[in-house]
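Close look at the chain arrangement
So the chains spell out like this:
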Amino acid sequence: MIELKQIRKAFNQGRPNEYWALNGIDLTIEAQKVTAFRGPSGSGKTTLLTIVGCLARPTSGRVRLAEDEISGLPERFLTDIRRSTFGFVFQQFNLIKGLSALENVMLPAFPTGRPHRELRERSEALLDRLKLAHRREARVEWLSGGEQQRVAIARALVNDPKVLIADEPTANLDTTLSREFMGILEGLHAEGRTVILTSHDPLVVESAAVHRVVSMRDGQLTEG
Amino acid sequence: MIFQPAIIALLLASGIAVAMLAAAAPFALQVIRQWDIASGTERQLLLERRTYLFSTLAAFVMVVQLVALLLFVFNADRMAEMFVGAMCAVGTLNVNPFGFPALLAQMAVFFLAAAWLAVNHVDTRAPDYPLVRVKYALLLILLPALALAFVLQLKYFLGLRADVITSCCGSLFSGDAKGLAAEVAALKPLPAMTLFYVVLAVAAGLTFFHARTRRAGYAAAAASAAAFVATIVGVLSFVSLYLYEHPNHHCPFCILKPEYGHQGYWLYVPLFAATAAGLGTGALQPFRQVASLREIVPAVSARLADLAAFGYLLVALIATYFVLHSNLILIEH
């Protein structure tokens with residue numbers, strides 16, 4: 001369970017262009033469910049996602065993960081939590097060009113110090129599960145959008161995180177690939193993972209794979 | 001005289017340390033007064049973000065102070081050739097009344113900085129900033145100590161005059177002179193040797209015991225302080241004599257000179273490191289019951305105690321080596 005209490009987030013605070021992206025968010029995200037944030041551009045979805053995933057700190061308010069307060073942790077602890085608890089799938093996938101699909105998947109696991117063979121086997125298994133085994137040695141820039149997204153998902157899962165965070169995961173995909181993604185989501189839920197995503201794609205937010213839709217506007221929750 | 005590279009480095013290190021701690025003082029007061037880990041207010045989150053930066057900067061200041069003591073002693077020894085009558089660091093430190101107080105203040109800062117670094121180290125190992133208030137209160141206590149050391153150094157270095165005829169170590173550490181140092185130097189070799197080895201054995205034993213059992217932390221720290229004193233007494237009363245192969249040369253500084261192969265550093269570096277580690281063990285003991293530090297404090301304290309035990313063992317071995325390889329015979333069999 002992830003609990004957000006009175007989360008506020010300002011950018012350029014104290015300057016003329018100060019902007020409050022989040023304005024007092026109180027929310028509890030259930031574990032082992034798929035939760036989607038829906039809202040127009042600028043509603044604060046992505047900012048909220050980065051705060052939940054410890055990629056950014058709130059200006060005020062607290063984030064609790066299970067029983068632990070995580071928003072105020074020193075950076076060295078946050079790094080561990082990011083690495084072990086959260087897996088990220090970014091909107092632009094953020095894969096490293098010049099590296100193969102397999103190398104991209106293995107990359108976040110290198111700092112854990114796990115044996116190289118074990119990492120390779122785990123990464124190959126993930127690519128195989130996502131039907132990309134035949135493309136594992138291909139450079140990521142040679143892959144199609146759907147393939148790149150699956151590499152990004154495999155990379156997010158390589159450290160076996162409890163929570164998968166995906167920012168607009170279907171924004172760059174056509175209908176067929178989006179449906180394929182929703183199938184993957186169902187699989188992740190069946191494994192007992194918590195999935196949190198942002199989207200304004202009706203195909204995602206109206207899907208049966210999504211258990212809860214939280215609507216946002218102007219940095220506040222409007223429903224859900 | 002002040003435009004010597006080492007003096008400039010020392011004054012800069014000391015001055016910057018005082019300036020940085022003075023700049024951090026308002027923040028330290030704010031942390032002491034307003035820190036509330038349970039709160040999610042903007043002010044608290046700001047304090048949490050800034051404390052990491054301030055602690056890192058303060059740790060840097062403290063590490064620099066550890067190195068500064070070595071540079072201070074090295075510089076005092078190196079500058080001896082510039083003063084008439086000076087044979088070693090003693091002559092340089094005697095050029096004006098601020099030399100020895102500056103050295104003692106730098107030594108005090110060394111041990112205080114080491115203790116602060118130990119407290120800071122365990123605090124950063126816990127996720128809930130358990131010692132943040134203690135740490136910043138200690139910084140406020142350290143600030144006047146650092147300021148005093150800076151003022152003494154400044155007065156000392158500004159007061160260095162090449163035309164002053166200074167006194168050499170013979171007048172300060174001879175058995176016939178007056179003062180505490182002379183009285184210690186006048187100790188007979190056998191009781192001094194007994195005191196040295198017994199106290200070092202007790203200190204090494206207690207720190208080793210603490211490292212293995214996690215008990216008797218305060219006793220280990222007290223024994224470390226005693227071992228420091230016993231070693232200085234030992235150097236004055238017999239180690240130096242064996243090193244110089246001269247029955248009346250008690251100076252604890254000449255052993256740092258190139259003529260004696262800088263052998264004093266082999267003795268002093270492990271001694272200061274071991275004592276800093278031993279006192280660090282003591283500095284951590286009050287916090288071993290803090291919930292988030294119950295595993296961290298004993299582990300770090302044990303590592304420090306191990307370092308102290310090893311350091312004292314090394315000091316004893318090096319002193320023994322000096323005694324056994326000397327042509328001087330002080331104790332007849």
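None of these values were measured; they are calculated from a predicted model.

This paragraph deals with the overall build of chain B. A count of helices and strands for chain B gives 11 helices and zero strands. For chain B, the sequential pattern of α-helices and β-strands runs α-α-α-α-α-α-α-α-α-α-α. Relative to the compact-globule value of 20 Å for 333 residues, chain B shows a C-alpha radius of gyration of 22 Å, a close match. Dimensions of chain B, computed from C-alpha atoms along their principal axes, come out at roughly 70 × 50 × 30 Å. Buried residues in chain B amount to 45% of all 333 residues. Long-range contacts, defined here as pairs at least 24 residues apart, represent 76% of the contacts in chain B between residues at least 6 apart.

This part takes up the environment of glycine 98 of chain A. Within the fold, glycine 98 of chain A resides in the loop between strand S6 (86-89) and helix H3 (101-106). On the basis of neighbour count, glycine 98 of chain A is assigned to the exposed category, with 10 C-beta atoms found within 10 Å.

Turning to the packing of helix H9 (residues 217-244) of chain B against helix H10 (residues 263-284) of chain B, a few remarks are in order. All names here are of chain B. At their nearest, the axes of H9 and H10 sit 7 Å apart, and the two run at 165 degrees to each other. With respect to H10, the axis of H9 lies roughly antiparallel. For the crossing formed where H9 meets H10, the hand is left-handed. Each of Gly217, Tyr218, Ala220, Ala221, Ser224, Ala225, Ala227, Phe228, Thr231, Val235 and Leu243 in H9 lies in contact with H10, whose residues at this interface are Gln263, Leu267, Leu271, Ala274, Thr275, Gly278, Leu279, Thr281 and Gly282. Split into classes, the residues belonging to the contact of H9 with H10 amount to 12 nonpolar, eight polar and no charged.

Residue and element names in this part refer to chain A. Within the open sheet, the six strands sit side by side as S6-S7-S8-S3-S9-S10. Their pairing is mixed. Every interior strand has two partners, whereas the edge strands, S6 and strand S10 (220-223), have only one. Within this sheet the neighbouring strands show an average axis-to-axis angle of 25 degrees, counted without direction. Pairing between strand S3 (residues 34-38) and strand S9 (residues 212-217): four bridges, direction parallel. In the strand pairing of S9, phenylalanine 37 is matched with valine 214. Contacting S3, strand S7 (163-167) and strand S8 (194-198), helix H6 (residues 175-190) runs over the sheet at an angle of about 145 degrees to S8.

Quick look at the domain arrangement of chain B now. All names here are of chain B. Split by domain assignment, chain B resolves into domain 1 (1-165) and domain 2 (168-333). Centre-to-centre, using C-alpha coordinates, domain 1 lies 24 Å away from domain 2. Listed per partner, the contact involves 23 residues of domain 1 and 22 residues of domain 2. For the side of domain 1 that touches domain 2, the secondary structure elements donating two or more residues are helix H2 (42-78), helix H3 (89-93) and helix H4 (99-125). For the side of domain 1 that touches domain 2, the element with the highest residue contribution is H4, accounting for nine residues. Partitioning the side of domain 1 that touches domain 2 into residue classes produces 17 nonpolar, three polar and three charged.

By secondary structure assignment, the location of alanine 291 of chain B is in the loop between H10 and helix H11 (296-324). Along the chain, alanine 291 of chain B and proline 130 of chain B lie 161 residues apart, while their C-alpha atoms are 8.6 Å from each other.

Residues and elements named next belong to chain A. Taken in spatial order, the four strands line up as S2-S1-S4-S5 in an open sheet, and their pairing is antiparallel. Each edge of the open sheet is held by one strand with a lone partner, namely strand S2 (19-29) and strand S5 (68-69). Of the strand pairs in this sheet, strand S1 (residues 2-11) and S2 are connected by eight bridges, and their pairing is antiparallel. From the neighbouring strand, isoleucine 7 faces S2, where its bridge partner is isoleucine 25.

Reading guide: rules and limits
Residues numbered from 1 in each chain as written. Chains lettered and ligands numbered in written order. Predicted model: local features only at pLDDT ≥ 70, side-chain atom pairs only at ≥ 80, totals over all residues. Helix = DSSP H or I, 4+ residues; strand = E, 2+ residues; numbered from the N terminus. Rg over C-alpha atoms; globule rule 2.2 N^0.38 Å. Buried ≥ 20, exposed ≤ 12 C-beta atoms within 10 Å, placed from the backbone. Contact = placed C-beta atoms within 7 Å. Axes fitted to C-alpha atoms, helices over the stretch in contact; angles between N-to-C directions. Parallel < 35°, antiparallel > 145°, perpendicular 65-115°, else oblique. Left-handed = near helix turned anticlockwise from the far one by under 90°. Nonpolar A, V, L, I, M, F, W, Y, C, P; charged D, E, K, R; others polar. Pairing = 2+ DSSP bridges. Domains from an automatic or database assignment.

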